[in-house]
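The chain contents come next:
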Amino acid sequence: MICAKFRVGKQGLITGFCVNGHSGSAESGEDIICAAVSSPVYMTANTLTEVLALSPEMTEKDGFFRLTVSDEEAQKASDVLQGFFLHIKALSEQYPDFIQVERGAL
């Protein structure tokens with residue numbers, strides 16, 4: 001199962017996320033659920049770094065991606081991170097057996 005956790009900062013804004021696991025819905029390379037999650041993860045990271053010129057901390061390993069922004073950058077990143085949250089939440093409603101969404105510590 002894919003678990004997406006979102007961290008909410010002091011201002012009530014999303015300040016980071018962690019996506020971990022594999023859906024297991026198909027073989028590697030043919031898993032549309034993993035692709036549906038991976039694509040917006042990278043789009044979010046690229047938008048924050050390349051378009052908004054922010055400096056989030058990022059960690060990436062097989063089946064694991066974590067991104068956090070500082071409290072100072074949270075306002076600038078807010079719309080992008082909120083959009084990513086809504087996208088992943090919608091996917092979790094479409095594929096509840098494969099994607100879980102939580103808010104809390106990363």
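Above this text is the structure in question.
Computed from a predicted model, the values in this text were never measured in an experiment.

Chemist: Would you explain the overall build of the chain in this entry?
Modeler: Along its length, the chain carries two helices and five strands. Written out in order from the N terminus, the α and β elements of the chain read β-β-α-β-β-α-β. The C-alpha atoms of the chain give 13 Å as radius of gyration, which agrees with the globular expectation for 106 residues (13 Å, within 12%). Along the longest, intermediate and shortest principal axes, the C-alpha atoms of the chain span 40 × 25 × 20 Å. Buried positions account for 38% of the 106 residues belonging to the chain. Counting contacts in the chain only where the partners sit at least 6 residues apart, residues at least 24 apart contribute 58% of the total. Of the accessible surface of the chain, which amounts to about 6,100 Å², a share of 49% is contributed by carbon and sulfur atoms. Both charge centroids of the chain, one from 8 positive and one from 14 negative side chains, sit 10 Å from each other.

Chemist: Can you help me understand unusual backbone geometry in this one?
Modeler: Glycine aside, the phi torsion of most residues is negative, and most peptide linkages are trans. Phi at A53 is positive, roughly 55°, even though this residue is not glycine. Within the element layout of this structure, A53 appears in the loop between α1 (32-51) and β3 (57-61). Overall, the relative accessible area of 58% leaves A53 in the exposed class.

Chemist: Can you walk me through the side chain of S23 in this structure?
Modeler: Position of S23 relative to the elements: it lies in the loop between β2 (14-20) and α1. Judged by its relative accessible area of 7%, S23 falls in the buried class. Among the polar contacts made by the side chain of S23, one reaches the side chain of D31 at a distance of 2.6 Å. The residues touching S23, leaving out its near neighbours within four places in the chain, are M1, I2, D31, I33, C34 and F98.

Chemist: What am I meant to see in the nonpolar core here?
Modeler: Across soluble globular proteins, you tend to see nonpolar side chains buried next to one another. Counting residues in hydrophobic clusters, the biggest one holds 26 residues, and the most contacted among them are F6, F17 and I88. Breaking this core down by element, the ones donating at least two residues are β1 (2-8), β2, α1, β4 (64-68), α2 (74-94) and β5 (99-103). Of the residues forming this core, the biggest block, seven residues, is contributed by α2.

Chemist: Explain α2 to me, please; I cannot follow it from the model alone.
Modeler: Count 3.6 residues to each turn of an α-helix, and residues three or four apart come out pointing the same way. With 21 residues, α2 extends 29 Å between its outermost C-alpha atoms, agreeing within 8% with the 30 Å of an ideal straight helix rising 1.5 Å per residue. Considering bend angle alone, the principal kink of α2 is centred on V80 and spans about 30°. Buried within α2 are the following residues: A74, A77, S78, L81, F84, F85, I88, L91 and S92. Looking at the buried side of α2, the elements it contacts are β1, β2, α1, β4 and β5.

Chemist: Explain the layout of surface pockets to me, please; I cannot follow it from the model alone.
Modeler: Gaps left between atoms are located by rolling a probe of water-molecule size over the structure's atoms. The calculated volume of the largest pocket comes to roughly 350 Å³. Taken together, 22 residues form the lining of the largest pocket, with G21, H22, C34, S38 and G63 sitting closest to its centre. With five residues, the single largest contributor to the lining of the largest pocket is α1. Across the lining of the largest pocket, the residue classes break down as nine nonpolar, seven polar and six charged.

Definitions and cut-offs
- Residues numbered from 1 in each chain as written.
- Predicted model: local features only at pLDDT ≥ 70, side-chain atom pairs only at ≥ 80, totals over all residues.
- Heavy atoms only, no water.
- Helix = DSSP H or I, 4+ residues; strand = E, 2+ residues; numbered from the N terminus.
- Rg over C-alpha atoms; globule rule 2.2 N^0.38 Å.
- Buried < 20%, exposed > 50% of the residue type's maximum accessible area, 1.4 Å probe, protein only.
- Contact = heavy atoms within 4.5 Å.
- Areas by Shrake-Rupley, 256 points an atom, 1.4 Å probe, with all protein chains shown as cover.
- Lys, Arg positive; Asp, Glu negative; His and termini not counted.
- Charge placed at Lys NZ, Arg CZ, Asp CG, Glu CD.
- Polar contact = N/O pair within 3.5 Å; in protein donor to acceptor, adjacent residues only side chain to side chain.
- Core = buried A, V, L, I, M, F, W, Y, C linked by side-chain atoms within 4.5 Å.
- Expected span 1.5 Å × (residues − 1).
- Bend = angle between axes of the 7 residues up to and from the residue.
- 1 Å grid on protein atoms, 1.4 Å probe; cavity = no way out; pocket = protein on both sides within 12 Å on 5 of 7 lines; lining within 4 Å.
- Points joined across faces, edges and corners; volume = space filled by probe spheres on them.
- Nonpolar A, V, L, I, M, F, W, Y, C, P; charged D, E, K, R; others polar.

Purely geometric numbers; function is a separate question.
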